[in-house]
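Chain by chain, the residues run as shown.
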Amino acid sequence: MIRQPVRPYAQELNAPTEALRIAWTVDSWQPEGSVDSEIVRCVEQVVSECERAGHELVQASPVFDYEEYLHAVCVAWAFGMDVGLDMFAAVMGRKISEETVEPVLLSFYQYSKGLTAADMFMAEFVLNKFRRTFGKFFEKYDMLLTPTLNKLPEPHGKYSKMRTDVDYEGYMRLCEETKVHTTAANVTGQPAITLPLGQSKSGLPIGIQFMARFGEEDALIRIASSLEKEMPWCNRIPPVHVSR
C-alpha cells in the first residue's frame with residue numbers, strides 16, 4: 001500500500017526541512033562511463049549548499065551489476081512492443097519494413113519479436129534484485145543526490161532513431177550514458193525530482209536529481225523548495241525563449 005501524505009503537498013512548499021542524511025555520487029554507474037567535469041562541479045556545489053543547510057552528506061552509491069541491469073531493462077522495455085506495432089501497422093494498412101520504420105525502431109521491433117515469457121521472467125527477477133539493492137541502500141540514507149544527466153546537452157542527431165550504426169541494445173546503451181540515474185528511479189518506483197541548479201560556461205542547463213525513499217514525495221518537495229530559494233534559477237533565461 002502506498003503511504004498517504006499527512007497533508008496536501010502544496011503545504012510542503014516553504015515548510016521547514018528536517019536534517020537529512022543524503023548520499024551523493026558522481027559515479028556514472030556504467031563501467032566505462034564518466035560524468036562531465038562541469039556537471040561534477042555543479043553536484044559538488046549542491047552538496048556544499050546542502051551541508052550549509054544542516055544536512056549530512058555522504059559520498060556513497062548503490063552497487064549493482066550494470067550489464068545485468070541494462071540487459072533486463074532492454075528486455076522489459078521491449079517485451080510486447082512488437083504486438084503493438086503489428087496492431088498499428090494493420091490499422092494503417094502498412095507493412096513493417098525498412099521503408100516504413102526507422103532503423104533503430106526496426107531493430108527494437110525485431111528484438112521484441114525474439115523475446116519469450118521466460119526472458120521477461122528473468123528480466124523481472126533481475127529488476128527485483130535491483131529494487132531490493134536500492135531499498136537496502138535507503139535504509140541508511142534519506143535521499144540520493146545524483147546528476148540528472150551525465151553529459152551536457154548534445155547536438156541534435158546523436159540520439160536519432162534514423163542511425164544505422166547502432167541496434168536496439170546499442171541505442172539503449174548510448175542513451176544510458178547520459179540518463180542512467182533517472183532510469184533507476186523509473187525502475188525502483190521511488191519518487192525523484194530534478195532541479196535546474198546549475199549552468200555550464202556556455203549557458204547550458206545542468207540538472208541535479210534527488211531520489212527519496214518510497215512514498216516520501218513530501219520530503220522531496222521540501223528540499224526542492226529550500227534549494228530554489230538558496231540557488232534560484234528563475235532569472236536564467238536562454239537567448240532563445242518565449243519571453244524574448
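Here the structure is a predicted model, which is why all the values come from computation and not from measurement. (Residues numbered from 1 in each chain as written. Predicted model: local features only at pLDDT ≥ 70, side-chain atom pairs only at ≥ 80, totals over all residues. Heavy atoms only, no water.)

1. Notes on the sheet that holds strand β1 (residues 21–24)
If you walk across this open sheet you meet the five strands as β2-β1-β3-β5-β4, and the pairing is mixed. The sheet is open, and its two edges are formed by β2 (56–59) and β4 (192–199), each paired on a single side. Mean inter-strand twist for the sheet, computed between neighbouring axes without regard to direction, equals 25°. Looking at chain direction, β1 and β2 are connected through four bridges and run parallel. Looking at the pairing, Ile 22 lines up with Leu 57 of β2. Helix α1 (residues 37–52) rests against β1, β2, β3 (143–147), β4 and β5 (205–212) of the sheet, and its axis sits at about 50° to β5. Most of the contacts of helix α7 (residues 217–230) go to β4, to which it runs at about 15°, and overall it touches β1, β3, β4 and β5. (Pairing = 2+ DSSP bridges. Helix = DSSP H or I, 4+ residues; strand = E, 2+ residues; numbered from the N terminus. Axes fitted to C-alpha atoms, helices over the stretch in contact; angles between N-to-C directions. Contact = heavy atoms within 4.5 Å.)

2. With respect to the environment of Glu 102
Following the sequence through the fold, Glu 102 ends up in the loop between α3 (81–92) and α4 (103–113). Distance in space between the C-alpha atoms of Glu 102 and Arg 163 is 8.2 Å, their sequence separation being 61 residues. In this structure, Glu 102 is in contact with Lys 161 and Met 162, ignoring residues within four places of it in sequence.

3. Here's the deal with α4
What α4 keeps buried is the set Val 104, Leu 106, Ser 107, Phe 108, Tyr 109, Tyr 111 and Ser 112. Where α4 is buried, its residues contact α2 (66–78), α3 and α6 (168–188). (Buried < 20%, exposed > 50% of the residue type's maximum accessible area, 1.4 Å probe, protein only.)

4. Digging into the side chain of Glu 176
Here Glu 176 shows up in helix α6. At 3.5 Å, the side chain of Glu 176 and the side chain of Lys 179 are in polar contact. When near neighbours in sequence (up to four residues on either side) are disregarded, Glu 176 contacts Gln 30, Tyr 66, Tyr 69, Leu 70 and Thr 183. (Polar contact = N/O pair within 3.5 Å; in protein donor to acceptor, adjacent residues only side chain to side chain.)

5. Quick word on the side chain of Thr 178
Inspection of the secondary structure puts Thr 178 in helix α6. At a separation of 2.7 Å, a polar atom in the side chain of Thr 178 contacts the side chain of Tyr 159. Apart from the residues within four sequence positions on either side, Thr 178 is in contact with Thr 148, Leu 149, Asn 150, Lys 151, Glu 154 and Tyr 159.

6. A few points about the pairing of β5
The buried count for β5 comes to seven of eight residues, which makes it a mostly enclosed element. Looking at chain direction, β4 and β5 are connected through six bridges and run antiparallel. Bridge pairing in β5 places Thr 194 opposite Gln 209. Between β4 and β5, which pair antiparallel one after the other, the connecting turn spans five residues, and Gly 203 there sits at a positive phi close to 90°.

7. Observations regarding the environment of Phe 130
The topology assignment puts Phe 130 in helix α5 (residues 117–137). In sequence terms Phe 130 and Val 63 are 67 residues apart; their C-alpha atoms lie 9.3 Å from each other. Not counting residues up to four positions away in its chain, the partners in contact with Phe 130 are Phe 64, Tyr 69, Ala 184, Val 187 and Thr 188.

8. Some words on α3
Taking 1.5 Å of rise per residue, 12 residues should cover 16 Å, and α3 covers 17 Å from first to last C-alpha, within 8% of that figure. Packing partners of the buried residues in α3 comprise α2 and α4. Phi turns positive, to about 70°, at Gly 93, one or two residues after α3. (Expected span 1.5 Å × (residues − 1).)

9. Details of the pattern of salt bridges
Here the structure, examined in full by the defined rule, presents 16 salt bridges. Here Arg 222 makes a salt bridge to Glu 18, at a shortest N to O gap of 3.3 Å. Of the two residues, Arg 222 sits in helix α7 while Glu 18 sits in the segment before β1, which places them 204 residues apart along the sequence. Among the salt bridges present, the one from Asp 142 reaches Arg 213, with a minimum N-O distance of 2.9 Å. Placement of Asp 142 in the loop between α5 and β3 and of Arg 213 in the loop between β5 and α7 is noted, with a sequence separation of 71 residues between them. Residues participating in the shared-partner salt-bridge network are Arg 7, Glu 12, Glu 18, Asp 218 and Arg 222. (Salt bridge = Lys/Arg side-chain N within 4 Å of Asp/Glu carboxyl O.)

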